[in-house]
Amino acid sequence: MNREKVQIFDTTLRDGEQVPGCKLDTKQKLVIANRLDEMGVDIIEAGFPVSSPGDFLSVSEISKIVKNATVCGLTRAVKNDIDVAAAALKYAKRPRIHTGIGTSESHIVHKLNTTREDIIVRAKFAVAHAKSYVEDVEFYAEDAGRTDNEFLARVCEEAIKSGATVLNIPDTTGYCLPEEYGAKIKYLRENVKGIENVILSCHCHNDLGMATANSISGAVNGARQIECTINGIGERAGNTALEEVVMIFKQHPYLNLYTDIDAKQLNEMSRLVSESMGMMVQPNKAIVGANAFAHSSGIHQDGVIKNRATYEIMDPLDVGVNESLIVLTARSGRAALAYRAKKVGYELTKVQLDRVYIEFLRFADVKKEVVDDDIHQIIEACKIESDLIRN
C-alpha cells in the first residue's frame, strides 16, 4: 500500500494559548511560529484575530514571516469575524480562514438558542463569506463529538457545497472513545456527498485522556489532518500532542501514514514552548518529558545497559534527546551502579562493586537520587580508591 501523508495543523498559538497564565506576546509568537515552520508543520493556526488588537497584530506579523506553512486565522460564523481574519491574513503566502459553529444539541439549544435549520444557514453563510476572501476555507462543527451523525453529515455536505476545503470534526469536550470517534469519521466519509474533494480533520481534546488516541483513530478511518499542540497544551485538560502523533506514525509504519515533521526538533521545540509560556512539561510526558528516556528500576536499567531496545521503543536521538538516563535510586541494581561509576572514571571489579553497592544502598535510602558527586563520596567511604583503575 502507498503511504499517505497526514497534515499537521498546529494550534499552539491559538488553542494552546488559551491555557490560563500562558499568554504570549507577539515577539514570542513570532519565534515559535518560525520554529514550527522550520520543523515542517503544514498549517499554523496563528490566532483569533477579532478577539483583540494584539491577536490581530500577531496573526498579521506571523503571516509576513512564515515561508512554507499555511497560516490560519480562527473565526466564528460571524461576518465581522471573517472580515477581520481576512485583513489579518492578507500578507500570508498561503492563507486559510477557519470558521464554524456549534452543531450538538447542547450547543444549539443552550449556547446558541436556535434551531438545526438556522445552524445550517449560518454555516453556509460563514463558509461562503470566507471563500470570498481566500480559496482555503476550513469549516469546524463545534462539539461534533456529541453531534448526531446524520445531522453532522448534513452540515458538512452544505459546508462543502459552500466552498469548504477542510472539514474539522472536533471532539470539543474530549468525550468520545477512540472507536466512537473513528466510526464518526468513517460515517462521514461514507455518507457525505463531495467528501472525497475535501480533507477531514481531527481536533480532539484530552478531558478523558483520549485526545491522541482519538486523533489516531480518526486518521486510521480516513482523516488526513490532525490538529494538535506542542506538549498537548490547550483548553482545560489540553489537546492532542503533536509530538505523540508524529512518533506514533513513525513507530507504526504498517499504518501507512506519515507526517513531514522533523522529529529531531521535537525536544527543543517542547522546551521553547514550555519556557515561553512558563508552563512546565510533566516529567512523565510521552516523548518530551524529562523522564521519557530515564530508567531508575534496577531490572529495567540492567536491560537497557545490555540493549537499549529491551525497554525503549524509540531512540532518544530521533526526538532530539542526547541519550537515555540511568538514574540511581534505592531501586537501582549493581549493573546501574557499575555503569554510572564507569561514567565518572571508576572501573569496579566484582568484589569492589559488592562493597560499594552496600554503601550505595545506605546512601540511596536517604536520598531521592544519587548523583555523580555522591558516587565519589560513596567510593571514598569504602576506602578502596587506591585499588581502583581510573579511566
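Residues numbered from 1 in each chain as written. Predicted model: local features only at pLDDT ≥ 70, side-chain atom pairs only at ≥ 80, totals over all residues. Heavy atoms only, no water.

Draft legend 1. How the structure looks around the overall build of the protein. Along the backbone of the protein there are 14 helices and 14 strands. For the protein, the C-alpha atoms occupy an extent of roughly 85 × 40 × 40 Å along the three principal directions. Taken across its 391 residues, the protein has 55% of its residues classed as buried. Counting every atom, the protein has about 17700 Å² of accessible surface; 51% of that belongs to carbon and sulfur. Charge separation in the protein, taken as the distance between the mean sites of 47 positive and 55 negative side-chain charges, equals 1 Å. (Helix = DSSP H or I, 4+ residues; strand = E, 2+ residues; numbered from the N terminus. Buried < 20%, exposed > 50% of the residue type's maximum accessible area, 1.4 Å probe, protein only. Areas by Shrake-Rupley, 256 points an atom, 1.4 Å probe, with all protein chains shown as cover. Lys, Arg positive; Asp, Glu negative; His and termini not counted. Charge placed at Lys NZ, Arg CZ, Asp CG, Glu CD.)

Draft legend 2. Quick peek at the packing of helix H3 (residues 79-88) against helix H5 (residues 116-131). Close contact between H3 and H5 brings their axes to 10 Å; oriented N to C, the two are set at 25°. As summarised for this structure, H3 and H5 are arranged roughly parallel, according to the angle between their axes. For the pair H3 and H5, the sense of crossing is right-handed. Contact residues: Lys-79, Ile-82 and Asp-83 in H3; Phe-125, Ala-126, His-129 and Ala-130 in H5. (Axes fitted to C-alpha atoms, helices over the stretch in contact; angles between N-to-C directions. Parallel < 35°, antiparallel > 145°, perpendicular 65-115°, else oblique. Left-handed = near helix turned anticlockwise from the far one by under 90°. Contact = heavy atoms within 4.5 Å.)

Draft legend 3. Main features of the packing of aromatic side chains. With the rule as written, the count across this model stands at 1 aromatic pair. The aromatic ring of Tyr-91 is capped on one face by Lys-64, whose charged end is 4.8 Å from the ring centroid. (Phe/Tyr/Trp six-rings, centres within 6.5 Å; stacked < 30°, edge-to-face > 60°. Lys NZ or Arg CZ within 6 Å of the ring centre and 35° of its normal.)

Draft legend 4. Region of interest: the pattern of salt bridges. What the rule picks out here adds up to 36 salt bridges. Glu-135 is the partner of Lys-131 in a salt bridge, and the nearest nitrogen-oxygen pair spans 3.0 Å. (Salt bridge = Lys/Arg side-chain N within 4 Å of Asp/Glu carboxyl O.)

Draft legend 5. Seen up close, the environment of Lys-67. Relative to the assigned elements, Lys-67 resides in the loop between helix H2 (53-65) and strand E4 (70-74). For the pair formed by Lys-67 and Asn-34, sequence separation is 33 residues and the distance between their alpha carbons is 8.5 Å. Other than its neighbours up to four places away in sequence, Lys-67 contacts Asp-37, Lys-93 and Arg-94.

Draft legend 6. Layout of the state of the cysteines. Applying the stated criterion across every chain yields a total of 0 disulfides. Here Cys-22 is not cross-linked by a disulfide; its sulfur's nearest cysteine counterpart is in Cys-228, at 17 Å. Here Cys-176 is not cross-linked by a disulfide; its sulfur's nearest cysteine counterpart is in Cys-204, at 7.5 Å. (Disulfide = S-S within 2.5 Å.)

Draft legend 7. The arrangement of the domain arrangement of the protein in detail. As far as domains go, the protein holds domain 1 (4-277) and domain 2 (294-382). Centre-to-centre, using C-alpha coordinates, domain 1 lies 44 Å away from domain 2. Approximately 550 Å² of surface area, both sides summed, lies buried where domain 1 meets domain 2, with 56% of it carried by carbon and sulfur atoms. Where domain 1 touches domain 2, the interface holds 0 salt bridges. Where domain 1 packs against domain 2, one counts 3 residue pairs in polar contact (both at pLDDT 80 or more). Secondary-structure elements contributing two or more residues to the side of domain 1 that touches domain 2 are helix H9 (242-251) and helix H10 (266-277). Classifying every residue of the side of domain 1 that touches domain 2 gives 3 nonpolar, 2 polar and 1 charged. (Domains from an automatic or database assignment. Buried area = accessible area lost by both parts, 1.4 Å probe. Polar contact = N/O pair within 3.5 Å; in protein donor to acceptor, adjacent residues only side chain to side chain. Nonpolar A, V, L, I, M, F, W, Y, C, P; charged D, E, K, R; others polar.)

Draft legend 8. Inspection of the environment of Phe-293 at higher detail. Here Phe-293 is to be found in the loop between H10 and strand E11 (294-295). When its relative accessible area of 6% is taken as the criterion, Phe-293 is described as buried. Here the alpha-carbon distance between Phe-293 and Ser-324, two residues 31 residues apart in the chain, equals 5.0 Å. Leaving out residues up to four positions away in the same chain, Phe-293 has contacts with Ile-287, Glu-312, Met-314, Asp-315, Pro-316, Val-319, Val-321, Ser-324 and Leu-325.

Draft legend 9. Representation of the sheet that holds strand E8 (residues 199-204). Read around the closed barrel, 8 strands run E2-E3-E4-E5-E6-E7-E8-E9, paired in parallel fashion. Pairwise comparison of adjacent strand axes, ignoring direction, gives a mean angle of 25° for this sheet. Bridge analysis of strand E7 (residues 166-171) against E8 gives 6 bridges, and the strand direction is parallel. Pairing of Val-166 across the sheet is with Ile-199, part of E8. (Pairing = 2+ DSSP bridges.)

Draft legend 10. Local environment of the packing of helix H8 (residues 211-220) against H9. Direction vectors running N to C along H8 and H9 enclose 50°, while the axes themselves pass 10 Å from each other. Classed by the angle they form, the pair H8 and H9 counts as oblique. In this structure, H8 crosses over H9, and the sense of that crossing is right-handed. Two secondary-structure elements touch here, H8 through Thr-212, Ile-216 and Ala-219 and H9 through Glu-244, Val-245, Ile-248 and Phe-249. Its residues assigned to classes, the contact of H8 with H9 shows 5 nonpolar, 1 polar and 1 charged.

Draft legend 11. Representation of the UniProt feature "domain: Pyruvate carboxyltransferase" (unreviewed entry) in the protein within the structure. The sites that carry the UniProt feature "domain: Pyruvate carboxyltransferase" (unreviewed entry) are, in the present numbering, residues 6-267. With 42% helix and 18% strand, residues 6-267 has end C-alpha atoms that lie 21 Å from one another. (UniProt positions renumbered as here; feature names shortened; annotations may be inferred.)

Draft legend 12. Main features of unusual backbone geometry. Located in the positive-phi region is Asn-231, a residue other than glycine, with phi close to 65°. For Asn-231, the location among the structural elements is in the loop between strand E9 (225-228) and H9. On the accessibility criterion, Asn-231 (12% relative accessible area) is buried. Even without glycine at this site, Ile-287 takes up a positive phi of about 75°. By relative accessible area, Ile-287 is classed as buried at 8%.

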